[in-house]
Amino acid sequence: MPNVRPSRAKKRTLTFAALGLAPALLAGGLVVGGTDVFSSDGVALAANTPIVLDGHGHGHGRGLGQWGAYGYAKQGWSADQILRHYYGNTVAGKVSTPDVTVSLSEKASVGVHAAAGMRVGTQTVAPGQAVSLSGGTATITDGCGGAVVSTVPATQVDPINPGTNRRDQELLTFCNGGDKYRGSIGIGPGGVYNKLHVDDYVKGVIPKESMPSWGDTGGFEALKAQAVAARSYVLAGLAAGRKIDNTQASQMYHGASGEDPRTSRAADATAGQIRLLNGKPALTEFSASTGGYTAGGLFPAVRDAGDSIAPDHSWSATVSASSIGSAFGVGSLKSFEVIEANGLGEGGGRVVKVRVTGTGGTVEASGNDARVKLQLKSDWFSVRGQKSMPKIVKPQVGPDSPGGGLLDLSPLGAVLNQIVPGLSAVGLPDVTGIVGEVTPMLEKLVTEGLKQLTAKQVDLKQVNLERSDNSQGSTGTVAKPELLTDGKGLPGLVQVLENGVIYFSPLTGVHALMGQSLTDFLNAGGLAALGFPTRDGLG
């Protein structure tokens, strides 16, 4: 889920690290290699000994880091680069379920008006009139609290125009408090709700989950990335059957009253855009600050160089021994040490497991449990003075940035996703992963390419039959199709004919070059220099 609003706290490719060829990991100046042997050199403690924890980041660290996205945007990264970096193994997609229903947790009743009028059931509510809902009945009054005009069986009030991005006069406004909302307002067994298009919903989320001022200081692309993440996150939740409310349990949302022009522009600039994982909306979690490395999990862990500007990039916290003993229920504390960590970043990286020993026994808990119980900013911390070495449990790791590397299949993007929904060849952890992901993609590419090559040959034969001079001669094949890549790393199929060549790639489609057109293409450097042809050249 989203975590901690920041105010409170080239193309994507594989790299050597993603191939499992990273150098030996250093943590706190010690080489750590996953040993199961731990020293007993914990920090010696008295009952009230203060323990200092050195940490990084603010929030759970999964997925997009908001301060990191801002840092990357200031470095010139696009929203697409930011999203591909943090949400490895996802691809760009479009919304298929446009409507969102959000529980308005702080509302107990419905009484609304709109300057342009409203609709309730089959009846139009005139400007100046208001509607209240109770017990399945809508009561239309002459203004808020005025004389009753009529009653209608209904549990929902709709705007006069159901479209998105409506003007202020059409927004439903609560009589009590004046809060404005896009879309419809209703009441049901779960309480008061707001039903609206997901693009309108996102406008009420971004300014509460991010910093609108970033749009004025080089961070507009970060706000765009936040819009896509917010849109994907809520749709993934709905697809999983989750109830969506307007709190941090889902995403902070304050309706139209909470909108900001800068974040609304970011929402409009990314209208309908989401991230897909395995063909479905990805649960694009985000948090304020990763501390320099994301946590991994659903998406590969990645270095977050953009986070260097975050206020909580580094922090320290002092906790008394008695507080730790009490939080973990072990009596008077004897030792507190990190016994497992993920090995990514300073101090051993994020804590996987801690061991807490006291007069009342020993408890082992997750890093997140320690974060919650001790009210820490994140689960990336180390115990100052601890001499024992944590076991390293390293998560799947993606590339450091969406540019450079050994294998670049990202130009296929959404095109490959149409052929194989959800597949992506980026952010893979090792050679096994590459084979497992790329092979199905290429198989589909070849299957689709062969169909198009065959269809193209039929078209060429028809063209020749229609030409009186048959100037191009036979179009019979002289070789089987070959899988090749162009100078940009884009894979496709090439088939040699008796008097020409047919080229296919998912991005350019299928095109034939013959005669002088083929000669000119080859003389100019062919695939390596020009890439796959984008049009036919039959003479």
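Bear in mind the structure is a predicted one, so any value in this text is a computation, not a measurement.

1. What about the overall build of the protein chain?
Working step 1: When helices and strands are counted, the protein chain shows 11 helices and 30 strands.
Working step 2: When the accessible surface of the protein chain is summed, it comes to about 22600 Å², and 52% of that surface belongs to carbon and sulfur atoms.

2. Comments concerning the sheet that holds strand β3 (residues 50–55)
Working step 1: Strand order across the open sheet formed by three strands is β21-β3-β25, with antiparallel pairing between neighbours. Edge positions in the sheet fall to β21 (315–320) and β25 (381–383), since each of these pairs with one other strand and no more. On average, each strand axis in the sheet is tilted by 30° relative to the strand beside it, whichever way the strands run.
Working step 2: Most of the contacts of helix α6 (residues 321–328) go to β21, to which it runs at about 80°, and overall it touches β3 and β21.

3. Some points on the pairing of strand β11 (residues 137–141)
Working step 1: With four of its five residues buried, β11 lies for the most part within the structure.
Working step 2: Sheet analysis places strand β10 (residues 130–134) next to β11, joined by five bridges and oriented antiparallel. When the sheet's bridge partners are listed, Ala-130 is paired in β11 with Thr-141.
Working step 3: Remark: two residues form the turn of the hairpin made by β10 and β11, two consecutive strands paired antiparallel; Gly-135 in that turn has positive phi of roughly 60°.
Working step 4: As defined by bridge partners, β11 adjoins strand β12 (residues 148–153) across five bridges and the pair is classed as antiparallel. Across the sheet, the residue bridging to Thr-137 is Pro-153, located in β12.

4. Re the pattern of salt bridges
Working step 1: Per the counting criterion, the structure on display carries 20 salt bridges.
Working step 2: Measuring nitrogen to oxygen at the nearest pair gives 2.8 Å for the salt bridge that ties Glu-259 to Arg-182. Residue Glu-259 is found in the loop between α4 (220–239) and α5 (261–269), and its partner Arg-182 is found in the loop between β15 (180–181) and β16 (184–188); the two are separated by 77 residues along the sequence.
Working step 3: With a shortest N-O distance of 3.8 Å, Lys-353 and Glu-340 are connected by a salt bridge. Taken together, the residues span a long stretch of sequence, with Lys-353 in strand β23 (residues 351–358) and Glu-340 in strand β22 (residues 333–341) at a distance of 13 residues.
Working step 4: Residue classification places Glu-340 among the buried positions, given a relative accessible area of 14%.

5. Considering the environment of Thr-247
Working step 1: Secondary-structure assignment places Thr-247 in the loop between α4 and α5.
Working step 2: Of the residues examined, Thr-247 reaches a relative accessible area of 27% and is grouped as partly exposed.
Working step 3: For the pair Thr-247 and Ser-103, spaced 144 residues apart in the sequence, the C-alpha separation amounts to 9.1 Å.
Working step 4: Excluding anything up to four places from it in sequence, Thr-247 contacts Ser-105 and Met-252.

6. Focus on the sheet that holds strand β18 (residues 273–277)
Working step 1: Strands sit in the order β5-β18-β19 across an open sheet of three strands; the sheet is antiparallel. In the strand order of this sheet, the two ends are held by β5 (91–94) and β19 (280–281), each with one partner.
Working step 2: Here β18 runs beside β19; their pairing, made up of two bridges, is antiparallel. For Leu-277, the partnering residue across the bridge sits in β19 and is Lys-280.
Working step 3: On top of the sheet, α4 reaches β18 and β19; it is set at about 55° to β18, its chief contact.

7. A short note on α6
Working step 1: Listing the buried residues of α6 in full gives Ala-321, Ile-324, Gly-325 and Phe-328. Projected down its long axis, α6 shows its buried positions confined to an angular sector of 100°, all on one face.
Working step 2: Buried positions along α6 lie against β3, β21, β22, β23, β24 (361–366) and α7 (367–373).
Working step 3: The first or second residue beyond α6 is Gly-329, which carries a positive phi of 65°.

8. Some words on the nonpolar core
Working step 1: Within the largest apolar cluster, 37 residues are counted, with the highest numbers of intra-cluster contacts made by Met-118, Val-131, Ile-185, Tyr-201, Val-202 and Tyr-253.
Working step 2: Broken down by element, this core gets its largest block of residues, five residues, from helix α3 (residues 198–209).
Working step 3: If near-sequence neighbours (up to four positions away) are discounted, Val-131 is found in contact with Val-110, Gly-111, Val-112, Met-118, Val-125, Ala-138, Thr-139, Ile-140 and Val-157.
Working step 4: Trp-67, Ala-69, Ala-282 and Phe-286 belong to the second-largest nonpolar core, a separate cluster that totals 25 residues.

9. Considering the packing of aromatic side chains
Working step 1: Tallied over the full model, the rule gives 12 aromatic pairs.
Working step 2: When the centroid spacing of 5.7 Å and the interplanar angle of 75° are considered together, the rings of Phe-174 and Tyr-181 count as edge-to-face.
Working step 3: The class for Phe-174 is buried, based on a relative accessible area of 3%.
Working step 4: Given a relative accessible area of 2%, Tyr-181 falls into the buried group.
Working step 5: Centre to centre, the rings of Phe-328 and Phe-336 are 6.4 Å apart; their planes meet at 40°, and the pair counts as tilted.
Working step 6: Phe-328 gets classed as buried once you look at its relative accessible area, which sits at 8%.
Working step 7: Against the face of Phe-174 rests Lys-107, its NZ or CZ located 4.3 Å from the ring centre.
Working step 8: Here the basic side chain of Lys-373 rests over the ring of Phe-328, its NZ or CZ set 5.8 Å away from the ring centre.

Conventions used here
Residues numbered from 1 in each chain as written. Predicted model: local features only at pLDDT ≥ 70, side-chain atom pairs only at ≥ 80, totals over all residues. Heavy atoms only, no water. Helix = DSSP H or I, 4+ residues; strand = E, 2+ residues; numbered from the N terminus. Areas by Shrake-Rupley, 256 points an atom, 1.4 Å probe, with all protein chains shown as cover. Pairing = 2+ DSSP bridges. Axes fitted to C-alpha atoms, helices over the stretch in contact; angles between N-to-C directions. Contact = heavy atoms within 4.5 Å. Buried < 20%, exposed > 50% of the residue type's maximum accessible area, 1.4 Å probe, protein only. Salt bridge = Lys/Arg side-chain N within 4 Å of Asp/Glu carboxyl O. Arc of directions from axis to C-beta. Core = buried A, V, L, I, M, F, W, Y, C linked by side-chain atoms within 4.5 Å. Phe/Tyr/Trp six-rings, centres within 6.5 Å; stacked < 30°, edge-to-face > 60°. Lys NZ or Arg CZ within 6 Å of the ring centre and 35° of its normal.

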